[in-house]
Number of protein chains: 2
Amino acid sequence: MCNNFSKTVKIMISQTEENYLKAIFKLSEATQKPINTNAISVEMNTAAASVTDMIKRLSDKELIHYEKYKGVKLSQKGKTIATDLVRRHRLWEVFLLEKLGFAWDEVHDVAEELEHIKSDKLIDSLDSFLDFPKFDPHGDPIPDSDGNIQSRQQTLISKLEVDECGVLVGVYEHSKVFLQYLDKLGLNLGVNIKVLEKVDYDQSVKVLINETKEEIISKKVSQNLFIKTTTS
Amino acid sequence: MCNNFSKTVKIMISQTEENYLKAIFKLSEATQKPINTNAISVEMNTAAASVTDMIKRLSDKELIHYEKYKGVKLSQKGKTIATDLVRRHRLWEVFLLEKLGFAWDEVHDVAEELEHIKSDKLIDSLDSFLDFPKFDPHGDPIPDSDGNIQSRQQTLISKLEVDECGVLVGVYEHSKVFLQYLDKLGLNLGVNIKVLEKVDYDQSVKVLINETKEEIISKKVSQNLFIKTTTS
DNA sequence: ACATATTTTTAGACAAGTCTAAAAATATGT
DNA sequence: ACATATTTTTAGACTTGTCTAAAAATATGT
Ligand SMILES: [Mn+2]
Ligand SMILES: [Mn+2]
Ligand SMILES: [Mn+2]
Ligand SMILES: [Mn+2]
């Protein structure tokens with residue numbers, strides 16, 4: 001009658017599985033629709049056939065919902081794991097930048113490895129050591145230990161009108177070249193931005209940086225910069 | 001005639017291979033003789049057959065010298081990799097203790113994972129961030145970035161005579177139980193030790209800790225504590 | 001020196017994660 | 001509606017790292 005264990009069989013999740021979950025999580029941010037095999041294979045840089053294999057494994061472990069030929073969605077369990085991975089990734093990025101003097105274009109690759117270290121004590125101590133940062137070096141929000149992600153109200157520069165202004169709070173693209181180019185333009189997180197002119201011909205935008213420097217940024221750049229508008 | 005590239009084919013070494021090299025390195029500290037398969041299988045907690053497989057791979061990569069049935073020795077290349085791994089392990093242990101508030105019995109397991117993160121910039125920045133520590137939380141020396149290991153002059157308590165004294169600078173065993181027991185006895189690194197009495201019957205030792213507290217430690221404990229003797 | 005015990009290697013199998021090539025299902029355009 | 005293009009899955013193979021059971025080599029004791 002007794003001996004009624006509630007077997008909390010803590011399933012093991014490999015580093016590779018974690019990475020797939022994170023990829024699906026990322027792709028899910030842009031849409032509500034199921035994520036298809038090809039999109040994952042592009043994101044993960046693997047053959048579509050490998051993705052199908054992995055999808056089956058993740059589905060067996062109930063980390064995703066999967067119907068043949070219909071794509072996948074994260075289950076609640078999968079979402080939790082992915083969010084936790086994102087938390088770890090972003091906390092390590094803050095550590096590398098703040099404590100070890102890395103530049104914002106150098107943190108991602110190392111965090112990609114550090115994020116897989118499994119220790120709750122480690123990550124919670126790190127969080128506290130860093131003084132509970134809310135955003136990572138690219139302006140992305142850091143989920144708290146319960147998985148809550150602060151939602152940001154922000155706009156792409158490309159969507160602003162002339163004379164609107166605000167603070168640069170994030171970047172959409174994370175590539176090294178892009179981040180280094182922003183450094184060259186003096187576009188670090190926190191600078192003040194005012195839209196001076198929107199060029200009809202090629203959708204480039206002339207902006208005023210920190211009330212002092214004028215720069216023309218291409219359409220492409222303007223679509224990758226998040227601004228928190230200030231109603232001044 | 002030209003086109004004489006010195007192909008520095010940076011061979012990839014997996015986490016598992018690194019762990020085997022470290023195990024062989026550790027076993028080599030106690031002896032000059034070749035390390036045999038069985039010893040490695042015990043250290044790595046794997047079947048002897050698995051060790052033989054891995055030995056072949058490491059030998060193919062010229063990380064060890066291997067003769068069938070004769071055991072293995074690290075090559076220069078292997079020694080360099082193992083030393084670097086030990087450096088990373090011990091630096092991470094210092095980080096966990098000093099910066100994240102881990103206890104000395106908690107650092108090892110996490111460092112076991114962190115040591116495999118591959119980034120020279122990471123580990124050198126960490127070294128600098130920690131102010132170039134020379135010893136880890138267990139008193140083990142930290143190799144510098146060129147692989148030089150500071151040799152310690154130290155003695156096991158079991159080898160001291162009555163009235164000799166010194167400072168506790170290291171532990172031989174690293175297990176959680178042992179370290180926690182030392183905490184209970186107040187035997188942290190840095191305390192002053194004086195040998196008050198050596199009991200013939202069971203080789204236990206009565207010591208004076210920091211000129212104030214007397215404790216009797218068993219033979220086994222006394223064989224696991226390194227003292228740097230002070231000629232007072 | 002030789003029988004016995006121990007250690008090491010081989011043989012064969014398995015799981016995870018990857019690939020390419022081919023087949024099957026779905027989507028698209030006229 | 002149907003031919004064509006695209007996407008997804010299957011089939012079969014490979015690598016790394018592991019295992020057990022059995023065979024081969026080495027070590028040991030009298
Ligand atoms: Mn990143
Ligand atoms: Mn980031
Ligand atoms: Mn350790
Ligand atoms: Mn240590």
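As a reminder, the structure under discussion sits directly above these lines.
Residues numbered from 1 in each chain as written. Chains lettered and ligands numbered in written order. Predicted model: local features only at pLDDT ≥ 70, side-chain atom pairs only at ≥ 80, totals over all residues. Heavy atoms only, no water.

*Asks:* Would you mind showing me how to read the relation of the copies chain B and chain A here?
*Replies:* Here the two chain copies are tied together by a rotation about an axis and a shift along that axis. With an RMSD of 0.1 Å, chain B superimposes on chain A once it is rotated by 180° and translated 0.0 Å along the axis. Such a combination of turn and shift is consistent with a two-fold rotation axis. Looking at the rotation axis and the C-alpha trace of chain B, the residue lying nearest is B:Leu114, at 3.7 Å. With an isologous cut-off of 70% or more, the 100% of interface residues of chain B that recur at the interface of chain A puts this contact in the isologous class. (Least-squares fit on C-alpha atoms with pLDDT ≥ 70 in both. Contact = heavy atoms within 4.5 Å.)

*Asks:* Just checking my understanding: could you explain the coordination of the manganese ion (ligand 1) for this structure?
*Replies:* Ideal values for angles at a metal depend on the geometry: 109.5 degrees with four tetrahedral donors, 90 or 180 degrees with six octahedral donors. Residue and element names in this part refer to chain A. On the protein side, the manganese ion (ligand 1) has His89 (NE2), Glu93 (OE) and His108 (ND1) as donor atoms, found 1.9 to 2.2 Å from it. One chain supplies every donor for the manganese ion (ligand 1), spaced along it as H-x3-E-x14-H. The distance between the manganese ion (ligand 1) and the manganese ion (ligand 2) comes to 3.4 Å, with Glu93 serving as a donor to both metals. Note that His89 and Glu93 are positioned in helix α4 (residues 76–98) at a spacing of 4 residues, about one turn of the helix. As far as burial versus exposure is concerned, His89 and Glu93 are alike and both buried. (Donors = N, O, S within 2.8 Å, 3.2 Å for Na, K, Ca; no water. Helix = DSSP H or I, 4+ residues; strand = E, 2+ residues; numbered from the N terminus. Buried < 20%, exposed > 50% of the residue type's maximum accessible area, 1.4 Å probe, protein only.)

*Asks:* When you look at the interface of chain B and chain A in this model, what are you seeing that I'm missing?
*Replies:* Accessible area lost on assembly of the parts is the figure often given for the size of an interface. Listed by partner, the interface residues are 20 residues for chain B and 20 residues for chain A. There are 2 salt bridges connecting chain B and chain A. The salt bridge partner of B:Lys121 is A:Glu106, with a shortest N-O separation of 3.3 Å. On inspection of chain B and its partner chain A, the count reaches 4 residue pairs in polar contact (both at pLDDT 80 or more). For the side of chain B that touches chain A, the elements supplying multiple residues, two or more each, are α4 (76–98), α5 (107–114) and α6 (120–129) of chain B. The greatest single-element share of the side of chain B that touches chain A, amounting to 5 residues, is contributed by α6(B). Taken together, the residues of the side of chain B that touches chain A sort by class into 11 nonpolar, 4 polar and 5 charged. (Salt bridge = Lys/Arg side-chain N within 4 Å of Asp/Glu carboxyl O. Polar contact = N/O pair within 3.5 Å; in protein donor to acceptor, adjacent residues only side chain to side chain. Nonpolar A, V, L, I, M, F, W, Y, C, P; charged D, E, K, R; others polar.)

*Asks:* Whenever I open this one, the packing of aromatic side chains confuses me. Can you help?
*Replies:* For any pair of aromatic rings, the description consists of the separation of the ring centres together with the inter-plane angle of the planes. Tallied over the full model, the rule gives 9 aromatic pairs over all chains. Judged by centre distance (6.3 Å) and plane angle (80°), the rings of A:Phe129 and B:Phe95 are edge-to-face. Within this pair, whereas A:Phe129 is found in helix α6 (residues 120–129), its partner B:Phe95 is found in helix α4, the two belonging to separate chains. Of the residues examined, B:Phe95 reaches a relative accessible area of 0% and is grouped as buried. Among the aromatic residues, those joined into a cluster by ring pairs are A:Trp92, A:Phe95, A:Phe129, B:Trp92, B:Phe95 and B:Phe129. A cation over an aromatic ring shows up here: A:Lys121 above the ring of B:Phe102, its NZ or CZ 5.1 Å from the ring centre. Directly above the aromatic system of B:Phe226 lies the positively charged group of B:Arg152, at a separation of 5.6 Å from the ring centroid. (Phe/Tyr/Trp six-rings, centres within 6.5 Å; stacked < 30°, edge-to-face > 60°. Lys NZ or Arg CZ within 6 Å of the ring centre and 35° of its normal.)

*Asks:* How do you make sense of the protein's contact with DNA strand C when you look at a structure like this?
*Replies:* By nearness alone, 21 residues border DNA strand C, and A:Ser14, A:Ser50, B:Asn36, B:Tyr66 and B:Lys68 come closest of all. Sugar plus phosphate, as a fraction of atoms of DNA strand C within 4 Å of the protein: 75%. Within the side chain of B:Thr52, one N or O atom sits 3.1 Å away from a phosphate oxygen of DNA strand C. Within the backbone of B:Tyr69, a nitrogen or oxygen atom sits 2.9 Å from a phosphate oxygen of DNA strand C. Among the secondary structure elements, those contributing two or more residues to the surface near DNA strand C are α1 (15–28) and α3 (48–60) of chain A together with α2 (37–44) and α3 (48–60) of chain B. The biggest single contributor to the surface near DNA strand C is α3(A), with 5 residues. (Near = heavy atom within 4 Å.)

*Asks:* Help me understand the packing of α1(A) against α3(A) in this model?
*Replies:* A pair of packed helices is characterised by two quantities: the angle between their axes and the separation of those axes. Residues and elements named next belong to chain A. Orientation of α1 relative to α3, taken along the N-to-C sense of each, is 100°, at an axis distance of 11 Å. Comparing their axes, α3 and α1 come out roughly perpendicular. Only Ser50, Val51, Met54, Arg57 and Leu58 of α3 make contact with α1, whose side of the interface consists of Thr16, Glu17, Tyr20, Leu21 and Ile24. In terms of residue class, the contact of α1 with α3 is built from 6 nonpolar, 2 polar and 2 charged. (Axes fitted to C-alpha atoms, helices over the stretch in contact; angles between N-to-C directions. Parallel < 35°, antiparallel > 145°, perpendicular 65-115°, else oblique.)

*Asks:* Which parts of the structure should I look at to understand the environment of A:Lys68?
*Replies:* Residue and element names in this part refer to chain A. Relative to the assigned elements, Lys68 resides in the loop between β1 (64–67) and β2 (71–74). Judged by relative accessible area, which is 63%, Lys68 ranks as exposed. Taking the C-alpha atoms as reference points, Lys68 and Asp84, separated by 16 residues in sequence, lie 28 Å from one another.

*Asks:* I would appreciate a short explanation of the sheet that holds strand β3 (residues 155–156) of chain A in the present structure.
*Replies:* Picture the strands of a sheet paired through backbone hydrogen bonds; they go either parallel or antiparallel. Residues and elements named next belong to chain A. Strand order across the open sheet formed by 6 strands is β3-β8-β4-β5-β6-β7, with antiparallel pairing between neighbours. Two strands lie at the open edges of the sheet, namely β3 and β7 (213–217), each paired on one side alone. Pairing of strand β5 (residues 192–198) with strand β6 (residues 205–209), which is carried by 5 bridges, proceeds in the antiparallel orientation. Bridge pairing links Lys194 to Leu208 in β6. Sheet strands in contact with helix α7 (residues 176–185) are β4 (165–171), β6, β7 and β8 (225–229), and its direction is about 150° off that of β7. (Pairing = 2+ DSSP bridges.)

*Asks:* Is there a simple way to explain unusual backbone geometry in this structure?
*Replies:* Glycine aside, a negative phi is what most residues show, and trans is what most peptide bonds show. Residue and element names in this part refer to chain B. The residue Asp131 is not glycine, and still its phi comes out positive at about 70°. Phi is positive for Glu211, close to 60°, though the residue is something other than glycine. When you line up the elements, Glu211 lands in the loop between β6 (205–209) and β7 (213–217). Assessed through its relative accessible area of 60%, Glu211 is described here as exposed.

*Asks:* When you look at the protein's contact with DNA strand D in this model, what are you seeing that I'm missing?
*Replies:* In the vicinity of DNA strand D lie 21 residues, with A:Asn36, A:Tyr66, A:Lys68, B:Ser14 and B:Ser50 positioned nearest. One nitrogen or oxygen atom from the side chain of A:Thr52 is found 3.1 Å from a phosphate oxygen belonging to DNA strand D. Measuring from a phosphate oxygen of DNA strand D, one finds a side-chain N or O atom of B:Tyr20 at 3.3 Å. Mapped onto the surface near DNA strand D, the elements with two or more residues apiece are α2 (37–44) and α3 of chain A together with α1 (15–28) and α3 of chain B. Of all the elements, α3(B) adds the most residues to the surface near DNA strand D, at 5 residues. Grouping the amino acids of the surface near DNA strand D by side-chain chemistry returns 9 nonpolar, 8 polar and 4 charged.

The quantities given are spatial measurements derived from coordinates; they are silent on function.
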